[in-house]
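Structural characterization, general
Given next are the chains, with one letter for each unit.
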Amino acid sequence: MSFAQRLKSLIGEESISGFARRVDISEALLRKYLKGSEPSLNKANQIAMKANCSLEWLATGCGYLYRQAEVVDRMALNSAYEHVSGHKADEATAEKMVKIVSGYQYLRTHKKADGYLDIRGMASFLSLAQKDEPEKNNS
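Described in the following lines is the structure provided in the data block. (Residues numbered from 1 in each chain as written. Predicted model: local features only at pLDDT ≥ 70, side-chain atom pairs only at ≥ 80, totals over all residues. Heavy atoms only, no water.)

Section: the overall build of the protein
Rule in force here: Going along the chain from the N terminus, every DSSP run of H or I of four or more residues is numbered as a helix, and every run of E of two or more is numbered as a strand. Only the protein chains shown count as cover for residues, and the accessible areas themselves come from Shrake-Rupley with a 1.4 Å probe.
Within the protein, the regular secondary structure consists of eight helices and zero strands. Taken from the N to the C terminus, the helices and strands of the protein come in the order α-α-α-α-α-α-α-α. Split by element, the accessible area of the protein, about 9100 Å² in all, is 55% carbon and sulfur.

Rendered as structure tokens:
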């Protein structure tokens, strides 16, 4: 997969102009990258940081799509839930908790100085994160 293809995947359903604003680069430059031009390391890092993406994945396709800070430690989350609620979380509750924590982390790291929360960006992040999860092994 090329840089352009990974970038397109990262943009997802978001508009090109909206994504360009979110990562603070010009729409023209973003379109240039989508056509196959390779960004400088500085620009690739800027895109990765603002899009909450792993620079390694964006640049090479290896590693995790999202930065490790956004990976939820499910064992710790389930243990905290059990401690607070007094019972174990069922599978559906555990999945909802992961989405809540992931969404919260996204909003916290992307909160603007004026307090603006990027709900659309969070929704895009959550839908991409769900696609990026490995399939569960039923064995």
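And the narrative resumes.
Notes on the nonpolar core
To be explicit about the condition: As used in this record, nonpolar core signifies buried Ala, Val, Leu, Ile, Met, Phe, Trp, Tyr and Cys residues forming a set joined through side-chain atoms within 4.5 Å. Only protein chains enter the accessibility calculation, which uses a 1.4 Å probe; a residue is then buried when its area is under 20% of its type maximum, exposed when over 50%, and partly exposed in between.
Ranked by internal contacts, the top residues of the largest apolar core, which has 17 residues, are Leu-7, Leu-10, Phe-19, Leu-30, Ile-47, Cys-53 and Leu-58. Sorting the residues of this core by element identifies helix 1 (3-11), helix 2 (16-23), helix 3 (27-34), helix 4 (41-50) and helix 5 (55-60) as the ones contributing at least two each.

Regarding the layout of surface pockets
The condition that has to hold: Grid points spaced at 1 Å and placed over the protein atoms alone form the basis of the search, with a cavity being a set where a 1.4 Å probe fits but cannot get out and a pocket an open set showing protein on both sides within 12 Å along at least five of seven lines. Lining residues have an atom within 4 Å of a point. Grid points are joined across faces, edges and corners, and a volume is the space filled by probe spheres set on the points. Here the nonpolar group is Ala, Val, Leu, Ile, Met, Phe, Trp, Tyr, Cys and Pro; Asp, Glu, Lys and Arg are the charged ones; every other residue, Gly included, is treated as polar.
A volume near 350 Å³ is recorded for the second largest pocket. Mapped by element, the contributors of at least two residues to the lining of the second largest pocket are helix 2 and helix 8 (119-132). Looking at the lining of the second largest pocket, the element that brings in the most residues is helix 8, giving four residues. When the residues that make up the lining of the second largest pocket are grouped by side-chain class, the tally is two nonpolar, five polar and seven charged.

Thoughts on the side chain of Asp-118
The cut-off we apply is this: Residues scored as charged are limited to Lys and Arg (positive) and Asp and Glu (negative), so that His and the chain ends carry no count. Within this document, salt bridges are pairs made up of a side-chain nitrogen of Lys or Arg and a carboxyl oxygen of Asp or Glu, the two lying within 4 Å of each other. Pairs of N or O atoms within 3.5 Å make up the polar contacts considered here, provided that, within protein, one atom can donate a hydrogen while the other can accept it, and that residues adjacent in sequence are counted only when both atoms are side-chain atoms. Whether two residues touch is decided by their heavy atoms; if any such pair falls within 4.5 Å, the residues are in contact.
Among the secondary structure elements, Asp-118 is positioned in the loop between helix 7 (91-110) and helix 8. Although Asp-118 is buried, it forms no salt bridge, and the closest oppositely charged side chain is Arg-22 at an N-O distance of 4.0 Å. Here the side chain of Asp-118 touches Gly-121 through a polar contact of 2.9 Å, landing on its backbone nitrogen. Apart from the residues lying within four places of it in its own chain, the contact partners of Asp-118 are Arg-22, Tyr-106 and Leu-107.

Structural notes on the packing of helix 6 (residues 74-85) against helix 7
As a reminder, the rule being used: Here an angle of 0 to 180 degrees is reported between the N-to-C directions of two axes, which are lines fitted to C-alpha atoms, with helices fitted over the stretch in contact. If an angle is under 35 degrees, it is roughly parallel; if it is over 145, roughly antiparallel; if it lies from 65 to 115, roughly perpendicular; otherwise it is oblique. The sense of a crossing depends on the near helix, which, turned anticlockwise from the far helix by less than a right angle, makes the crossing left-handed and, turned clockwise, makes it right-handed.
Where helix 6 contacts helix 7, the two axes come as close as 11 Å, and the packing angle between them is 110 degrees. Considering the angle they form, helix 6 stands roughly perpendicular to helix 7. For helix 6 against helix 7, the interelement crossing comes out right-handed. Every residue of helix 7 that contacts helix 6 at Arg-74, Leu-77, Asn-78 and Tyr-81 is listed here: Thr-93, Ala-94, Glu-95, Met-97, Val-98 and Val-101. Looking at the contact of helix 6 with helix 7 residue by residue, the classes come out as six nonpolar, two polar and two charged.

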